[in-house]
Each structure stands twice: as C-alpha cells, then as structure tokens.
Amino acid sequence: MISVKELKIHYGEHVAVDSLSFSVTKGSVFGLIGPNGAGKTTTIKAIATLLEPTYGEIFIDHISVLHQPEEARKKLGYMPDFPPVYDDLEVTEFCDLFAHAYGLSGPERIQKVEECLVLTNLQDKAKAKCKTLSRGMKQRALLAKTLVHEPSVLLLDEPAANLDPKARIDLRNLLLQLASAGKTILVSSHVLSELEDLCDAIGIMRAGKMVVSGGLDEITSITSAERLIQVEVVSACDQLEACLAKFPSISKISKLDGTGKRFSLSHSGDTKDASSILTSLIQWGIPVASFHRKQSKVEDLFLDVEAGRMKKNSNP
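Residues numbered from 1 in each chain as written. Predicted model: local features only at pLDDT ≥ 70, side-chain atom pairs only at ≥ 80, totals over all residues. Heavy atoms only, no water.

**Q** Where do I start with the sheet that holds strand E4 (residues 55-60) in this structure?
**A** Within a sheet, adjacent strands bond to each other through the backbone by hydrogen bonds, running parallel or antiparallel. Pairing is antiparallel in the open sheet, where 4 strands are placed in the order E2-E1-E4-E5. In this open sheet, the two edge strands, each paired with only one partner strand, are strand E2 (14-24) and strand E5 (63-64). Strand direction decides the pairing type here: strand E1 (residues 2-11) and E4, joined by 5 bridges, are antiparallel. When the sheet's bridge partners are listed, Lys8 is paired in E4 with Tyr55. Together, E1, E2 and E4 form the strand contacts of helix H1 (residues 40-47), whose direction differs from that of E1 by roughly 115 degrees. (Pairing = 2+ DSSP bridges. Helix = DSSP H or I, 4+ residues; strand = E, 2+ residues; numbered from the N terminus. Contact = heavy atoms within 4.5 Å. Axes fitted to C-alpha atoms, helices over the stretch in contact; angles between N-to-C directions.)

Given below as structure tokens:
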C-alpha cells in the first residue's frame, strides 16, 4: 500500500532524506523511529504530498504521489505531530469542514462525521469549541477529521504526543482496530514502548537514511547476535547448569533469584536451536515449568542499531 523508492529530499545544501526505500503492506502498522533530525517527519510529509521530493518515487496503492497527487490524497489520511484545530469551530463543525473538503455531502456527510466522533470517543464533546479542548482531546479531534473520508492509508506523526496514559492506551487500541479493519498505518513515535504492541514492522532511520527495516524478528536476527531465554524449573536441580553448558549456543547462564529455579540464558541460536534445548532438558528429566525466548523490545533493537551491534554480512 505504501512504496517509497530511492527518496531524496534536500533543503538547499542540507540532505534531509537520503536514498530512502521501504514498503508497507496492506492492513499492517509500520513504525518509523529514529532520533530527532533523522528525517521521519520530512518523509511522512512527502508521502502525504506536502513536500516535493528532490528525487525518487512514492506510490500509494500503486498510485504515484508525484504524478497523481489528487488521486493519492483520496486514499490518504494525514495527522501531523502538532494538532492544528480551528479554535472557534465546534468539534462537529471541524470534522464537517474536512468531510465537505473531501466531497462528502448530505446525509452521508452527517453520518460519517458522527461515526468518526463515536470512533474517537468524542461524541460528548461534539458541541464543544475546539479551543476549550485539552491537548489529548485535540489529538482525538484531529484523528476524527483524518478518518472522516475513510482513507485506506493513515500517516500519523507522533499521534500520542502529550497524551495521558489512558489516552495512549485508547489510541493504541483504536489503531489496532483500524488495522484489523484493513487500514494501512504508518506511524512515527519517539515513545518507543508505544510501538511494542502496535507495529507489525519497524524502520529505524538515522541522518536521513533507513538503517534497517522489517519485522521485529527479522531485525532481531541482524542486530545483536545474542538473545535471552528464560527457564524456570519446578524444583531446584543440581544438574541443570551442567546440562545447559553442553550447548555451544549458550554463552552465559545466570540465576535470576536465590531459589535455584529461575535462570536466564544468553543464547546466540535461532528458534530451532532453542527448541532443541527444551527438548533435551525434558529428555534428561529436568522438571521444566516454563521456557521462553525473551522478545527483543523496540528500545533494545533501536539501541542495538544505534550502537552498531549488527551481524556481519547483514544486508538491511
């Protein structure tokens, strides 16, 4: 649904985006992350047809953003990082304005506005002036107007900025609901923990370039070689550490507490190797209560990439 190919954007002598390529599949949530100045907002604005690239191509559902911007905009919903609302309009009027701009009219327009207010839990604020809303409520109003023409692709730049914890959870659940309904979502965020349970794939940008992109498991496989396995046994077992030491893929065995029941293993193998370890422990009569590979968090992956902890011969 989103395809970016060799995108370059220059501001005079400054290169904001440099040879950027990535794609986002239909119905997925793609997280664009990186430090300030990495080029995330510039990239999103270019996809939203608000900036003309210096070089490269952008396609939305096979429609060229550069050559058919009006057609592309029909499929796009864009939410900037700062909620620009019209202070003197009521929330309903604000959403209705954008519904009218997208060509909706009559009963259909009224219905779509009401649906979006319900979807974003703003029905109780429908008649409130936008200037009276809190920052979080303004974010909701902005999302409501973004959804009013039923775009198939959502571009969300820091959508959870300055939201309270409950509002962040509500937003995450709403985005997951929209993705499950078939919408494709590109979201940037500095709060990396927010992307943990939201994104199917991520792209990590630095200095205008895409350092690495793909699913979390895929990126994990090309970053730091070692991952953790947590093992818990029913009762303390003297043979456990000796058994685990037989596996060359395990470089370190750490006790997690003083009970002798819980261990953390530094493991350089893949899921097949981890399965072999569990199978062997059971065959040796070790009373395993739980065994799981610890999923790398988005923060961990970001720090691995920032520190250059990537496997040799990887081709992100």
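Continuing now.
**Q** Sorry, what's going on with the packing of helix H3 (residues 91-101) against helix H4 (residues 106-119) here?
**A** What describes two packed helices is the angle between their axes and the distance between those same axes. Where H3 meets H4, the axes come as close as 9 Å, and the angle between the chain directions of the two elements is 125 degrees. Regarding the angle of H3 to H4, the classification is oblique. Here the hand of the crossing between H3 and H4 comes out right-handed. On the side of H3, the interface is formed by Val91, Thr92, Cys95, Asp96, Ala99 and His100, while H4 contributes Arg109, Val113 and Leu117. A class-by-class count of the residues in the contact of H3 with H4 yields 5 nonpolar, 2 polar and 2 charged. (Parallel < 35°, antiparallel > 145°, perpendicular 65-115°, else oblique. Left-handed = near helix turned anticlockwise from the far one by under 90°. Nonpolar A, V, L, I, M, F, W, Y, C, P; charged D, E, K, R; others polar.)

**Q** Even after reading the chapter, I still don't get the pairing of strand E7 (residues 153-157), so can you show me in this structure?
**A** A regular strand places its side chains so that they alternate between the two faces of the sheet. Within E7, 5 of the 5 residues are buried, leaving the element largely enclosed by the surrounding structure. Alternating residues of E7 divide into Val153, Leu155 and Asp157 and Leu154 and Leu156, and every residue in both groups is buried. Across 4 bridges, strand E6 (residues 76-79) lies against E7 in parallel orientation. Residue pairing across strands places Gly77 opposite Leu154, the latter belonging to E7. Sheet topology places E7 next to strand E8 (residues 184-188); 5 bridges connect them, and they run parallel. By the bridge assignment for E8, Leu154 is matched with Ile185. Each parallel crossover has a hand, and the one from E7 via helix H6 (residues 165-180) to E8 is right-handed. (Buried < 20%, exposed > 50% of the residue type's maximum accessible area, 1.4 Å probe, protein only. Right-handed = clockwise from strand over helix to strand, strands pointing away.)

**Q** Is there a simple way to think about the environment of Gln230 in this case?
**A** Along the chain, Gln230 turns up in strand E11 (residues 227-233). Residues Gln230 and Lys255, 25 residues apart in the sequence, show an inter-C-alpha distance of 9.9 Å. The residues touching Gln230, leaving out its near neighbours within four places in the chain, are Phe263, Ser290, Phe291, His292 and Lys294.

**Q** Quick question: what am I supposed to make of the environment of Glu71 here?
**A** Within the secondary structure, Glu71 is located in helix H2 (residues 69-75). Between the C-alpha atoms of Glu71 and Ile204, which are 133 residues apart in sequence, the distance is 29 Å.

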